[in-house]
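Structural characterization, general
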Amino acid sequence: MASYAMSQKPPLFTATPTSIIGNTRSHCKTNFDTVLLPFAQVETAISAELSLLRSYRDISPDAGVRKASSTAAAIFGDFVIKASISNDGLFKLVDAVLRNGEHLDI
C-alpha cells in the first residue's frame, strides 16, 4: 500500500468568538500595504510587459509579430478604457485607506 504525506496540517478547531472576529477584521483591513501597494506593483508589471509588447511593433522583422504587437496594444488600450470608466472601486479603496488615518504621499 502506498504511503502519502500530508501536504498541509489539518485545521485546528480552537477558535473563540474573539479570535473569529479579530481574524476576520485583520483580513479585511485596508491600508497602503494591503491594498494600494499590490495594486501599484501589478500596474507596474503590466506596464513593463506592455512596453515590451509594443516594442515588437517597431523592431521585429517578422510582419506577423508586428501585427500581433499592434493587436495586443489595441486589446490593452480597450481594457484601460473600460477599466477607467469605472474608477469608483479604486476610489473606494483609496478612500478606505485614508479613512483609516494613513497618510499617502501622492
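Look up: the structure comes first, before these words.
Residues numbered from 1 in each chain as written. Predicted model: local features only at pLDDT ≥ 70, side-chain atom pairs only at ≥ 80, totals over all residues. Heavy atoms only, no water.

1. Remarks on the overall build of the protein
- Helix and strand content of the protein: 4 helices and 0 strands.
- Its helices and strands taken in sequence order, the protein reads α-α-α-α from the N to the C terminus.
- Burial status across the protein gives 9% buried among its 106 residues.
- Summarising the internal contacts of the protein: among those between residues at least 6 apart in sequence, 47% fall at separations of at least 24.
- In the form shown here, the protein has an accessible surface area of approximately 9,000 Å², with 63% of it arising from carbon and sulfur atoms. (Helix = DSSP H or I, 4+ residues; strand = E, 2+ residues; numbered from the N terminus. Buried < 20%, exposed > 50% of the residue type's maximum accessible area, 1.4 Å probe, protein only. Contact = heavy atoms within 4.5 Å. Areas by Shrake-Rupley, 256 points an atom, 1.4 Å probe, with all protein chains shown as cover.)

2. What to know about the side chain of S69
- Topologically, S69 is positioned in helix α3 (residues 63-85).
- Discounting residues that sit within four places of it in the chain, S69 has contacts with L53, R54, Y56 and R57.

3. Topic: the packing of aromatic side chains
- Tallied over the full model, the rule gives 1 aromatic pair.
- An angle of 40° between the planes, with centres 6.0 Å apart, marks the rings of F76 and F79 as tilted. Taken together, the residues span about one helical turn, with F76 and F79 both in helix α3 at a distance of 3 residues.
- By relative accessible area, which is 22% here, F76 ends up partly exposed. (Phe/Tyr/Trp six-rings, centres within 6.5 Å; stacked < 30°, edge-to-face > 60°.)

4. Side note on a nonpolar patch on the surface
- Together, L52, L53, Y56, I59 and V65 line one region of the surface with nonpolar side chains, adding up to about 420 Å² of accessible area.
- Counting residues per element, the nonpolar patch draws most heavily on helix α2 (residues 32-59), which supplies 4 residues.
- Locating L52 in the fold gives a position in helix α2. (Patch = residues over 30% accessible without salt bridge, like charges linked within 9 Å, V, L, I, M, F, W, Y side chains within 5 Å. Salt bridge = Lys/Arg side-chain N within 4 Å of Asp/Glu carboxyl O.)

Keep in mind these numbers describe shape, not what the thing actually does.
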